[in-house]
Amino acid sequence: MPRENLNDLVAFLAVARERSFTRAAAQMGVSQSALSQVVKELEARLGLRLLTRTTRSVSPTEAGERLLQSLGPHLDGIEAGLAALTELREKPAGTVRINADEHAVADVLWPALRKVLPDYPDIHVELVTDYGMTDIVAERFDAGVRLGEVVAKDMVAVPIGPDMRMVAVGSPAYFARRPAPRTPQDLTGHTCINLRLPTHGGLYAWEFEEDGREIRVRVEGQAVFNTVSMILRAALDGFGIAYLPQSQVQEHLDRGELVWVLEDWSPPFPGYHLYYPSRRQHSAAFQFVADALRYRGGAESKAKLDQG
């Protein structure tokens with residue numbers, strides 16, 4: 001393929017992904033008019049319209065979408081391969097973008113990365129907090145973090161943390177006013193602190209299990225937050241029962257600032273995994289970060305979780 005044809009395809013890919021000639025032109029360091037002309041010439045050669053243009057938006061046509069899906073992974077692989085070659089020096093370099101929820105960032109990712117990043121100043125890590133089921137490929141992330149139970153089958157999944165527990169907790173002041181629940185169904189009669197899931201627009205249903213029997217409970221209360229840190233603060237302030245990762249509340253349980261209820265209904269489950277597309281060729285910087293995050297704990301960590 002002539003080099004100019006490859007450049008035309010790269011130009012089309014940038015516009016189709018950004019859904020904007022303006023943003024794509026800025027990304028490629030060319031003028032918007034020049035980029036528009038390149039795409040028009042590509043369409044003329046192919047005899048197909050690849051993009052639908054309006055005054056407000058740009059979107060791929062059916063032909064454009066097919067070209068995007070077939071072309072994108074191959075050009076991404078070429079780009080990653082060239083980037084990897086430039087990083088063949090003493091220390092890896094580059095930017096690694098990871099999508100994760102707030103708790104995973106605070107409890108797993110940052111504690112591991114802060115130990116190794118000072119020795120690798122050429123590696124830059126961008127941790128984007130999100131509670132939604134983000135498409136990491138479409139959003140151009142190198143990897144995402146999810147619980148082991150919900151990682152898609154077509155992804156490589158690497159464990160980065162121990163098994164977890166979600167626990168129902170409240171302050172002693174709250175339980176001084178109300179009897180502790182004995183079953184998950186009792187929560188419907190309590191004031192609870194809810195988590196709003198931004199992507200889905202709904203409230204998180206609390207999940208419990210005992211002897212293989214699973215129960216989901218939708219709770220109500222005065223306060224709703226979209227971050228677990230604020231849910232913890234509200235629980236400590238006595239505003240009701242919260243449902244949070246055990247690791248986030250353990251120190252408060254140890255100090256008697258929170259009380260764990262429904263303990264028998266909170267078995268461990270697979271913890272956080274780093275996941276990424278198996279087909280993508282990754283940079284040396286990404287490989288380093290993935291290895292730094294890999295969980296190598298064993299029986300000691302599991303015993304600590306079981307002891308609570």
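Here, every reference points to the structure presented above.
Rules and cut-offs
- Residue positions are counted from 1 within each chain, in the order its sequence is given.
- Local features are withheld for residues below a pLDDT of 70 in this predicted model, meaning they are given only at 70 or higher, and side-chain atom pairs are given and counted only at 80 or more; totals for whole chains, interfaces and linings count all residues.
- To get the side-chain values, all heavy atoms of the structure are used, and hydrogens and water are removed first.
- Each helix is a run of DSSP H or I of at least 4 residues and each strand a run of E of at least 2, with the numbering of both proceeding from the N terminus.
- Only protein chains enter the accessibility calculation, which uses a 1.4 Å probe; a residue whose area is less than 20% of its type maximum is buried, one above 50% is exposed, and one in between is partly exposed.
- To pair, rings of Phe, Tyr and Trp, with the six-membered ring standing in for Trp, must have centres within 6.5 Å; the planes then decide the type, stacked if under 30 degrees apart, edge-to-face if over 60, and tilted in the middle.
- Geometrically, a charge over a ring is one whose NZ (Lys) or CZ (Arg) sits within 6 Å of the ring centre while staying within 35 degrees of the ring normal.
- One requirement defines pairing of two strands: DSSP has to find at least two bridges between them.
- Note on definitions: angles span 0 to 180 degrees between N-to-C directions of axes, and those axes are lines fitted to C-alpha atoms, for helices only across the stretch in contact.
- The span you would expect from a helix comes to 1.5 Å times its residue count less one.
- What the bend at a residue measures is the angle between two axes, fitted to the seven residues ending there and to the seven starting there.
- Pairing of N or O atoms within 3.5 Å defines a polar contact, subject to two protein rules: one partner must be a possible hydrogen donor and the other a possible acceptor, and residues neighboring in sequence count only if both atoms are side-chain atoms.
- Just to be clear on terms, a salt bridge is a Lys or Arg side-chain nitrogen sitting within 4 Å of an Asp or Glu carboxyl oxygen.
- The patches described consist of residues with a relative accessible area above 30% and no salt bridge, like charges being joined within 9 Å and nonpolar side chains (Val, Leu, Ile, Met, Phe, Trp, Tyr) within 5 Å.
- Here the Shrake-Rupley method, with its probe set to 1.4 Å, supplies the accessible areas, and only the displayed protein chains count as covering residues.

## Examining unusual backbone geometry
Most of the time, phi is negative for any residue but glycine, and the peptide bond is trans.
Line of reasoning, step 1. For Arg19, which is not glycine, the phi torsion reads 55° and is therefore positive.
Line of reasoning, step 2. If you trace the backbone, Arg19 turns up in the loop between α1 (3-18) and α2 (21-28).
Line of reasoning, step 3. Phi is positive for Arg140, which is not a glycine, with a value near 65°.
Line of reasoning, step 4. Among the secondary structure elements, Arg140 is positioned in the loop between β4 (123-129) and β5 (143-147).
Line of reasoning, step 5. By relative accessible area, Arg140 is classed as partly exposed at 37%.

## Some words on the packing of aromatic side chains
Line of reasoning, step 1. Under the definition given, this model contains six aromatic pairs.
Line of reasoning, step 2. On the basis of an interplanar angle of 45° and a centroid distance of 4.1 Å, the ring pair of Tyr120 and Phe288 is categorised as tilted. In this pair, Tyr120 sits in the loop between α5 (102-116) and β4 while Phe288 sits in helix α9 (residues 284-293), placing the two residues 168 residues apart along the sequence.
Line of reasoning, step 3. On the basis of an interplanar angle of 80° and a centroid distance of 5.1 Å, the ring pair of Tyr276 and Phe286 is categorised as edge-to-face. Linking Tyr276 in strand β14 (residues 272-277) with Phe286 in helix α9, this pair joins segments that are ten residues apart in sequence.
Line of reasoning, step 4. Its relative accessible area of 12% is what places Tyr276 among the buried residues.
Line of reasoning, step 5. Linked through ring pairs, Tyr204, Trp206, Phe208 and Tyr243 together constitute an aromatic cluster.
Line of reasoning, step 6. Sitting over the ring of Phe141, Arg97 keeps its end group 4.2 Å from the ring centre.

## Here we look at the sheet that holds strand β13 (residues 259-261)
Line of reasoning, step 1. Judged by pairing direction, the sheet is antiparallel, and its three strands sit side by side in the order β12-β7-β13 without closing on themselves. At either end of the open sheet lies a strand with only one pairing partner, and these are β12 (242-245) and β13. Here the strands of the sheet are splayed against their neighbours by 50° on average, with no regard to which way each runs.
Line of reasoning, step 2. Pairing analysis gives three bridges linking strand β7 (residues 166-170) to β13, with the strands arranged antiparallel. In the strand pairing of β13, Val169 is matched with Trp260.

## Concerning α5
Line of reasoning, step 1. Its 15 residues place the ends of α5 21 Å apart at the C-alpha level, agreeing with the 21 Å of an ideal helix rising 1.5 Å per residue.
Line of reasoning, step 2. At Leu109, α5 is bent by approximately 45°, the largest bend along its length, and proline Pro111 sits one to four residues beyond.
Line of reasoning, step 3. Every buried residue belonging to α5 is among His103, Ala104, Val105, Val108, Leu109, Pro111, Ala112 and Leu113, and all of these are buried.
Line of reasoning, step 4. Regarding α5, its N-cap is Asp101, as a side-chain oxygen of that residue lies 3.1 Å from the backbone nitrogen of His103 further along.

## Some details on the pattern of salt bridges
When the charged atoms of two side chains lie near each other, side chains of opposite charge can form a pair.
Line of reasoning, step 1. Scanning the entire structure with this criterion turns up eight salt bridges.
Line of reasoning, step 2. As a salt-bridge pair, Arg23 and Glu18 come within 3.5 Å of each other at their nearest N and O atoms.
Line of reasoning, step 3. Residue classification places Arg23 among the partly exposed residues on the basis of a relative accessible area of 47%.
Line of reasoning, step 4. Looking at Glu18, the relative accessible area reads 24%, which means it is partly exposed.
Line of reasoning, step 5. Between Arg296 and Asp291 there is a salt bridge; the shortest N-O distance is 2.9 Å.
Line of reasoning, step 6. Classification of Asp291 by relative accessible area gives partly exposed; the value is 42%.
Line of reasoning, step 7. Overlapping salt bridges bring together Glu251, Arg255 and Glu257 as one network.

## Quick word on helix α8 (residues 246-254)
Line of reasoning, step 1. Among the residues making up α8, those that are buried are Gln246, Gln248, Val249, Gln250, His252 and Leu253.
Line of reasoning, step 2. Directly beyond the C-terminal end of α8, a positive phi value near 80° is found at Gly256.

## Some details on a nonpolar patch on the surface
Line of reasoning, step 1. Where nonpolar side chains cluster on the molecular surface, the patch consists of Leu6, Val10, Met28 and Val30 and spans about 260 Å² of accessible area.
Line of reasoning, step 2. Structurally, Val30 is set in the loop between α2 and α3 (32-46).

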